[in-house]
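# Results of the structural survey
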Amino acid sequence: MEIKYQEKGYSVMSGAPLLRQIQNEHTPTIDLLIRESVQNSLDAARKSSKTVYVNFMTGSFQTTELSPFLKGISSLLNQYYPGEQEFLAIKDTGTVGLTGPVSITQTRNERFGNLQSLVYQIAKAQQSKGAGGSWGIGKTVYFRVGNGLVFYYSRIINNETRLYEERLAATLVEDENKPKLLVDNPNRSGIAWWGEPDPELEKEGKEGTIPLIDSPEIHEILKVFGLQPMRDDETGTMIIIPFVDPGALLSQTLTEAEQLGEAAIPYWKGNLSSCLKICLQKWYCPRLDNPEYSRITGNPVLQASVNGDAVREKTFLPLFQLIQRMYNSTPDHPLTFRGARINSEDILLRNAFESTGGKKRSAGILSSVKVTEQELDMLPPENLPGPYADIDRDSPSELNEPILAYMRRPGMVISYETDSTWTHSMPKAPHGEFIIAAFRSSQDTVLKKEFHTDEITTLEDYLRKTENADHMSWNDLDLNRRKTGIVKKIRTNLINKISSHYKEAVQATDRRQNLSLGKIIGSKILPAEGSGYWDDRGGGSSGPGGTGGDGDTSTPDIQGTMGTVTGFKMSVCDAVEYRGSQVCIPVQLSFGKRDQGILSVAVQTEAGRRTADYWAKNVGTLYPVWIDALEINRIEKGRKKFRNTHAEPEAGSVESMAEIHNSTVFQNIEFEFEKGNGGPGCHSVRIQVPEADHYRLFCAVVVSVSDLEAVLDFKKVTDPGKKEAEK
């Protein structure tokens, strides 16, 4: 095959930044490969296909048999990779294959087609609605699996001739700044393509390549790897990645505890084929070998295999069998898992979606269940590692964190959350039990019209647009200069639903765990005496075990008084909101000219107030209270007001003009989150206002707290950097 190098130049992509574009260094390459390659196959399904088949194949080849086909790098391949080498191939059928124009000169209106998008046009995204992958920068994962060399083989039906046609091309992407380059030329960018000369470009006096088409050389290259060409009515794509190091790929999958020898290494991490099977289950259990998936979405079912060995639902690890059952479970038809009943319910959001016939549209279905070690086959004789090992997490040292999986229409799990803002406020389970939850977003729910754009009209469109190149998280977007807050609302609803189902039993366990810490009063946040007051216009708020207030006659959970203070003070100005194990405290912080204050949390015990530093030195366990965020609702400076411009807020929620989690500057006010020595989060926030009079900051302090009484402090820094005097 002929070679075409990409020369360096202005606005020309080179290998090094291209390899970094997926921007995910914490997820093992095997996982990224499974997620990207399978999703690309599913997105290319034929309209008539009821099933898409994907087969992962491993094997070996001789470098000297492959190198003659790759002009320009043959000798260096033989030098750097002598003898027998390993390869990994991914073949899909039931798909359309790499269709579209073979030459860039044949494209019109940036309609590149599958071939150009995957092989030649880096970062060109798919436009089809409901797609899971994007044919964009996520495909760069192929170049990270081996040494950067990738072969693309496909069999298609040519749209013009209506005859079967075979195509094969090769691409190399390598970091041009590293030693031992295959394209060893300082004027070249680390990117090259192989195929046959492009006759259309030659007419223009330019150089380029197109794939080999129906050439005997295609079958000769496949023979090097011991792979068979597609035949009969098969159409699809085969991606071949040579020069793979299985040991290096498997080592990336080890957790920290597994690397240190503190946890046993699961059996599947010792063999590439076994690891591929588990990764397929982990990310595609909702769709893999699941006939119900097609009924729910109208999309083809996924059938996958490794070296011809089918990955069937009955062979799944129990956690992934459970996730599939939860995906299929609905409020009208809840399912069970090994005798445990799955709770399934709609997630309804206000001010987010258009209603249909006066009926609110659901954001999706949340299913959850509490299961035991026995139900997950963790006891003899099976002795499986357990759910945290299944998703590459180390087991918690204390109570078991909940596991939440969430997904949308393509049936790929976006993420497993165990220690994040999705799960921090959810109840934990005692040893031997696990709370497992799965959220399946609705595919047809239409956003409110004020959120519509040319690309986004449905919740499915919105969630897809929020995902990064690796499709591993959802993050809210502003649409038409409006804050939607849809992901945040979904997250808050999931937390509340899970807490309502499982909190009572877990609280009792927490109390037994924490009796030695002192008097247990309940999950309440109290302003420090002398630093806040209760505004009783609306009465108190009901917390766990409380009844709330009825207005002026109530005795609120938040107590204490404060005399008139000129300039600097904190006031609790509304009812406290409880969000699972989070408490949201609406406060007004008042500042004088260039005032600096510290907002902090502390544990209140019979022996007195205990700070994070004290706790770390004298108690030794994780500090049970910390500040998650400040939700800024309004800032007033003299007569000038920066007001919230959102639509009417939801009942029971705080609509903020900004949500601050980390140190930043907002509206010229400096926020510095300070982490103490005693726990996972920040225990104080230093706030500095600029040189102006009478700043008033209306915000909600979002605090995570376990079953202890805690206090909220606000201190004035009288001499910044030297001395603090409590106000």
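Okay, so let's go over this structure. (Residues numbered from 1 in each chain as written. Predicted model: local features only at pLDDT ≥ 70, side-chain atom pairs only at ≥ 80, totals over all residues. Heavy atoms only, no water.)

### A closer look at the packing of aromatic side chains
For the coordinates displayed, the defined rule picks out 16 aromatic pairs. Both rings, one in Y267 and one in W268, keep their centres 5.1 Å apart while their planes meet at 85°; by these two values the pair is edge-to-face. Judged by its relative accessible area of 53%, Y267 is exposed. W268 sits in the buried class, given a relative accessible area of 3%. (Phe/Tyr/Trp six-rings, centres within 6.5 Å; stacked < 30°, edge-to-face > 60°. Buried < 20%, exposed > 50% of the residue type's maximum accessible area, 1.4 Å probe, protein only.)

### Description of unusual backbone geometry
Cis rather than trans, the peptide bond between P380 and P381 has omega equal to 5°. Residue placement: P381 occurs in the loop between β15 (362-372) and α14 (387-390). Of note in this structure, D232 is not a glycine but carries a positive phi near 55°. Mapped onto the secondary structure, D232 falls in the loop between α8 (216-224) and β9 (236-244). Although it is not a glycine, N351 sits at a positive phi angle of roughly 60°. In this structure, N351 sits in the loop between β14 (343-348) and β15. (Helix = DSSP H or I, 4+ residues; strand = E, 2+ residues; numbered from the N terminus.)

### Re the nonpolar core
If you look at the biggest cluster of nonpolar residues, it comprises 80 residues, and the most contacted ones within it are I34 and Y416. Counting residues per element, this core draws most heavily on helix α11 (residues 272-284), which supplies 8 residues. Ignoring anything within four residues of it in the chain, the contact list for Y416 reads K282, W283, C285, F320, I323, I391, R393, I403, L404 and A405. Listed in part, the 39 residues of the second largest apolar core include V572, V576, A602 and V703. (Core = buried A, V, L, I, M, F, W, Y, C linked by side-chain atoms within 4.5 Å. Contact = heavy atoms within 4.5 Å.)

### Notes on the sheet that holds strand β16 (residues 403-407)
Overall, mixed pairing links the 5 strands, which are arranged β14-β15-β18-β16-β17 in an open sheet. Since the sheet does not close on itself, it has two edges, and those belong to β14 and β17 (413-417), each with one partner. In this sheet, adjacent strand axes meet at a mean angle of 20° when their direction is disregarded. Direction of pairing for β15 relative to strand β18 (residues 433-441): antiparallel, over a ladder of 9 bridges. When the bridges of β18 are listed, V369 appears paired with I436. Set on the sheet, helix α13 (residues 318-328) makes contact with β15, β16, β17 and β18; between it and β18 the angle comes to about 45°. (Pairing = 2+ DSSP bridges. Axes fitted to C-alpha atoms, helices over the stretch in contact; angles between N-to-C directions.)

### Observations regarding the pairing of strand β5 (residues 164-173)
Along β5, 9 of the 10 residues are buried, which leaves the element largely enclosed by surrounding structure. Here strand β4 (residues 149-157) runs beside β5; their pairing, made up of 9 bridges, is antiparallel. Bridging from a neighbouring strand, F151 pairs with A170 of β5. What sits between β4 and β5 in their antiparallel hairpin is a turn of 6 residues, with R162 showing a positive phi close to 60°. Bridge count for β5 against strand β8 (residues 212-213) is 2 bridges, and the pairing is antiparallel. Within β8, the position partnered with R167 by the bridge is I213. Where β5 lies against strand β6 (residues 188-197), 4 bridges are found, and the strand directions are antiparallel. If you follow L172 over to β6, its bridge partner there is A192.

### Quick word on the packing of helix α2 (residues 29-43) against α11
Contact geometry of α2 with α11 gives a least axis separation of 10 Å together with a crossing angle of 60°. When the axis of α2 is compared with that of α11, the two are oblique. Handedness of the crossing formed by α2 with α11: right-handed. Only L272, C275, L276, C279, L280, K282, W283 and Y284 of α11 make contact with α2, whose side of the interface consists of I30, D31, I34, R35, V38, Q39 and L42. In the contact of α2 with α11, the residues fall into 11 nonpolar, 1 polar and 3 charged. (Parallel < 35°, antiparallel > 145°, perpendicular 65-115°, else oblique. Left-handed = near helix turned anticlockwise from the far one by under 90°. Nonpolar A, V, L, I, M, F, W, Y, C, P; charged D, E, K, R; others polar.)

### Overview of the pattern of salt bridges
Per the stated rule, a full pass over the model turns up 23 salt bridges. For K71, the salt bridge identified is with E2, shortest N-O distance 2.7 Å. A residue pair is termed long-range when its members are at least 10 positions apart, and K71 in the loop between α3 (63-66) and α4 (74-80) and E2 in strand β1 (residues 2-7) qualify at 69 residues. For E460, the salt bridge is made with R408, and the minimal N-O distance between the two is 2.6 Å. Of this pair, E460 sits in helix α15 (residues 459-466) while R408 is found in the loop between β16 and β17, placing the two residues 52 residues apart along the sequence. (Salt bridge = Lys/Arg side-chain N within 4 Å of Asp/Glu carboxyl O.)

### Topic: the side chain of D92
Within the element layout of this structure, D92 appears in strand β3 (residues 84-93). The side chain of D92 sits in the buried core without any salt bridge; R46 is the nearest counter-charge, 8.9 Å away. Engagement of the side chain of D92 in a polar contact is seen with the side chain of S41, the distance being 2.7 Å. Those residues in contact with D92, other than ones at most four positions away along the chain, are S41, Y53, V54, M230, T235, G236 and T237. (Lys, Arg positive; Asp, Glu negative; His and termini not counted. Polar contact = N/O pair within 3.5 Å; in protein donor to acceptor, adjacent residues only side chain to side chain.)

### Focus: the state of the cysteines
On inspection of all chains with the given rule, the structure shows 0 disulfides. Between C279, a cysteine without a disulfide, and C275, which holds the nearest cysteine sulfur, the sulfur-to-sulfur distance is 4.3 Å. (Disulfide = S-S within 2.5 Å.)

### Looking at empty space enclosed by the protein
Following the criterion strictly, the structure yields 5 cavities of 30 Å³ or more and no others. Lining the largest cavity we find 14 residues, and of these N40, S41, D92, T237 and I239 sit closest to its centre. Those elements that provide at least two residues to the lining of the largest cavity are α2, β3, α5 (113-120) and β9. The greatest single-element share of the lining of the largest cavity, amounting to 3 residues, is contributed by α2. In the lining of the largest cavity, the residues fall into 7 nonpolar, 6 polar and 1 charged. (1 Å grid on protein atoms, 1.4 Å probe; cavity = no way out; pocket = protein on both sides within 12 Å on 5 of 7 lines; lining within 4 Å. Points joined across faces, edges and corners; volume = space filled by probe spheres on them.)

### Looking at α11
With 13 residues, α11 extends 18 Å between its outermost C-alpha atoms, agreeing within 8% with the 18 Å of an ideal straight helix rising 1.5 Å per residue. By the criterion of burial, α11 is predominantly enclosed, with 11 of the 13 residues buried. With a side-chain oxygen lying 3.0 Å from the backbone nitrogen of S273, the N-terminal cap of α11 falls on N271. (Expected span 1.5 Å × (residues − 1).)

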